[in-house]
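Now for the letters of each chain:
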Amino acid sequence: MFINLFRALRRHGIPVTFNEWMLLQEALGANLADSSLTRFYHLARAILVKTEGHFDRFDQAFLECFGHIESSDELIARIVERLAQLPPLELTEEEKRLVEELDLEEVRGRFLDRLRNQDDEEHVGGNQAIGVRGRSPFGAWGYNPAGVRIGQDVGRHRRAVQIAEKRSFRNYRDDVALDTRTIKTVLGYMRQVVREGPKESLDVEGTVRATCRNAGELEFVWERARRKRIKLMLLMDAGGTMTPHAELVSRLFSAARDLVKNLKFYYFHNCVYQELYTDIAQMTPVATRKVLEQTPRDTRVILVGDAYMAPSELLHPNGAIDFWYRNDRPGIEWLRDIRKRFRKVLWLNPEPREWWSSVPTTRLIESLFPMHELTLEGMRRGTRALMKQ
Amino acid sequence: MNRFKGTGSYILSDSLKEIVNAAIVLGRPLLIKGEPGTGKTELAQVIAEDLGLRLIRWNIKSTTKANEGLYVYDTVQRLNDSRFHDKDVSDIRQYIRFGGLGEALRSEEQVVLLIDEIDKADLEFPNDLLYELDQMRFDVVETGDHFRARHRPIVMITSNSEKELPDAFLRRCLFHYIEFPDPEMMERIARVHYPDLERKLVAQVVARFYQVRERRDLKKRPSTSELLDWIQAIVAGGIGERELTRRLPFLGVLLKTEEDLASVTR
C-alpha cells in the first residue's frame, strides 16, 4: 500500500529501508492509523523517519503523495464545522431533524448520497442545505472516484495535509539548521577518548588477574583514566566576502571552543600569508611559520573560508588584498605548507557547492584541501573524513 | 490491550499519544528527542502510571557499557569476601547485580523501561543493545542462567542528540520529536502547575517568555522548567501583569549565561 510514498521518500533522500516499510504495513494491519490520514501521517513519520532533520523532506514527500486529497476524518470535521456555522434559517425542519437525530456517520452517508445524485458539472444545489458553501477557489464541493475533494480553505483542525503543508520542521533540516548546539552535535564526532594522566582508576579485570597470580592475596591494579582529547586548530577567514557568514562562523567557533579543550584558532584575511591573526579586530599578528612549527602534526586543522578571491591574491607575491601588505610568497604556497604539515585537514566553505566550480580560486583550493559545505550535512561528512584520514 | 491515554498533569499532543500506543502494539522501542525541558523523561513516568506498570529507569552516563544494563558480576566483592571466609563465595549468583535492562527482561510482569539519555554513552553503545532489544532475552554466562521476557517491556529511549545514533539501532525504533510547546500549549502547562494563578497573568508571562526566547542571539534558550521557575519568582515577587509589560524582572531565572543576560537587557 502507498508504495508511491515509499518511492517519494527515497527520492527526497530519506533512507527508508524495506524493514521499516514492512513495519508500517504491520501497523496499518493492526489498524493503528484507524483510517485517518492525520494518524497515518504521524504513524508513518514515526516509523519511517528517524531524525527531525528529515521531517521536512517527509512533509514534502507526503504532500506529493497525498496533498491532493482530503481524508474522511477531515470531511467529517468539516461537515461538523459547517453545520455549526450554518445560520439556522437556512435549515429546513427536515434538515434540523437530520442533524439532531443522525450520528455523524449517517450524516456523512446521506451527505455523500446527495452529492452523488447531483450533476457532476454543477457543484451548486441541494448540498447547500447541508451547509456546504465551500469558499474554495473552485466554488463548491465535488465528488470524484479517487476520493472526496474539498476546497483549499483552511480549517481550524490540524489535518495531515495541512500539517505537512505548514512544513514546521523546515528549520530543522540538516542542510539548514545550524545553531551552536547542532554544530556541537556534529563536531562531537571528533571527540576522541584516550587514556592519559595519572593512574587513578581501578582496573578490575587487571586486579582479578593479578590477585589470582598472587594466589588470592589482593593486589590492586590501577590504570589511567579515560579522557577526552583532540587537538584542533581552526583557521577562519575574516575577509570582506565572509561578512555575510560571520554569524555562522562565530557559532561554529563557539561550538568548537566548548567541545575541544585543546583548541587553537587564528584568523586570516581572504588568504593565508606569512602572518595569521589571533584577534581580527586588533589585527594582532603571529608568524604563520611559527604556528606551523609549534602545532603538533597530529592536530586536525579546519579552515573556514569561501575561497573566493582574485586569482592574484592566491597566486602572486604581494597579491594580498590589503594594498600595504607585502607577501613575498604567494598565498597558495602557504596553503600548501599547511597541507603538508598536517595530515588531517578540512576546508569548510559557506558558499553552496554548486558555485564552487565557477570560482577559479575555489577550484584551486579544492584540489588542495578536502572541501565541504558549511552546513550540518557538510560538516558531518567533513568531520567523519577528518577522523578517518 | 491497555491503551495509553495520558494523565491530567502531563500535557501531551494527540500525535504523541498515538505513537506511544503504536510503539506498544508493535513492540518496538520508542526514541524520543526534543529540546531540553520538553518532558522527554517524564513521558515514561506518565506511561507507567497510566498503565499501572512498574517503571525501571536506566540512566546512561558517558562511561556506561551495554553489558552493565544486563548485569554486572561483582568480582571485587567476591574476591573481598573470599579473604575473610565469612560468606559462601561458591554461589556466584549473589554477586550478579542486574542492570535496568536485565531487570526489565527478568520481570514477571510487564514493565516500562526507560533508557534515559542514550546519547551520553559511547557511539557504539546503542548497537550493543540490538540483540537484547530484538530478542528480549539474555544469558548470564557466569552462571549459565537464561532469562527471557514474559511480557515485552515497553521501552522508551530519550536522547538529547549530543551524539548521533547508529542507523541499525534507529531502524528498529519508532521516533518522535517533541516540539517545543507553542504559547497556547505552554499556557496550559503553566496552568497545570499553577492552577490558582490568574489567567491573564499567566498569558502575559508566557507572552513575555516567548519574546525572550525567540531572540536569535541567545546562546542558551530558556525552556519550560525555566518558565515555571520564572512564574514562581514573579508570584513570589508580587509582580502584576502591568509591571510585566514595562520590564522583565528576575531575568536571571530565565537566562543562565552572562552574555545572554547582557544582550537581552541591552
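Please refer to the structure higher up on the page.
Just so it is clear, the model here is predicted, and its values are computed rather than measured. (Residues numbered from 1 in each chain as written. Chains lettered and ligands numbered in written order. Predicted model: local features only at pLDDT ≥ 70, side-chain atom pairs only at ≥ 80, totals over all residues.)

Draft legend 1. Just helix H1 (residues 3–11) of chain A, in detail. Residue and element names in this part refer to chain A. Buried within H1 we find Leu5, Phe6, Ala8 and Leu9. Mapping the buried residues of H1 onto a view down its axis gives an arc of 165°, with all of them on the same face. Among the exposed residues of H1, those oriented more than 90 degrees off its buried face are Ile3, Asn4 and Arg11. Buried residues belonging to H1 abut helix H2 (18–29), helix H3 (37–48) and helix H4 (55–66). In the stretch just after H1, glycine 13 is the one whose phi turns positive, near 85°. (Buried ≥ 20, exposed ≤ 12 C-beta atoms within 10 Å, placed from the backbone. Helix = DSSP H or I, 4+ residues; strand = E, 2+ residues; numbered from the N terminus. Arc of directions from axis to C-beta. Contact = placed C-beta atoms within 7 Å.)

Draft legend 2. Region of interest: the interface of chain B and chain A. Facing 24 residues of chain B, the contacting portion of chain A comprises 26 residues. Every element with two or more residues in the side of chain B that touches chain A is listed here: helix H1 (14–26), helix H4 (75–84), helix H8 (167–172) and strand S9 (174–178) of chain B. It is H1 of chain B that contributes the most residues to the side of chain B that touches chain A, six residues altogether. A per-class count over the side of chain B that touches chain A returns eleven nonpolar, five polar and eight charged. (Nonpolar A, V, L, I, M, F, W, Y, C, P; charged D, E, K, R; others polar.)

Draft legend 3. Spatial organisation of the environment of glutamate 162 of chain B. With respect to the helices and strands, the residue glutamate 162 of chain B is situated in the loop between strand S8 (154–159) and H8. The class for glutamate 162 of chain B is partly exposed, based on 15 C-beta atoms found within 10 Å. Considered as a pair, glutamate 162 of chain B and alanine 121 of chain B are 41 residues apart in the sequence and their alpha carbons are 9.7 Å apart. Setting aside residues no more than four positions away along its own chain, glutamate 162 of chain B makes contact with Thr185 and Gly188 of chain A together with Asp119 and Lys120 of chain B.

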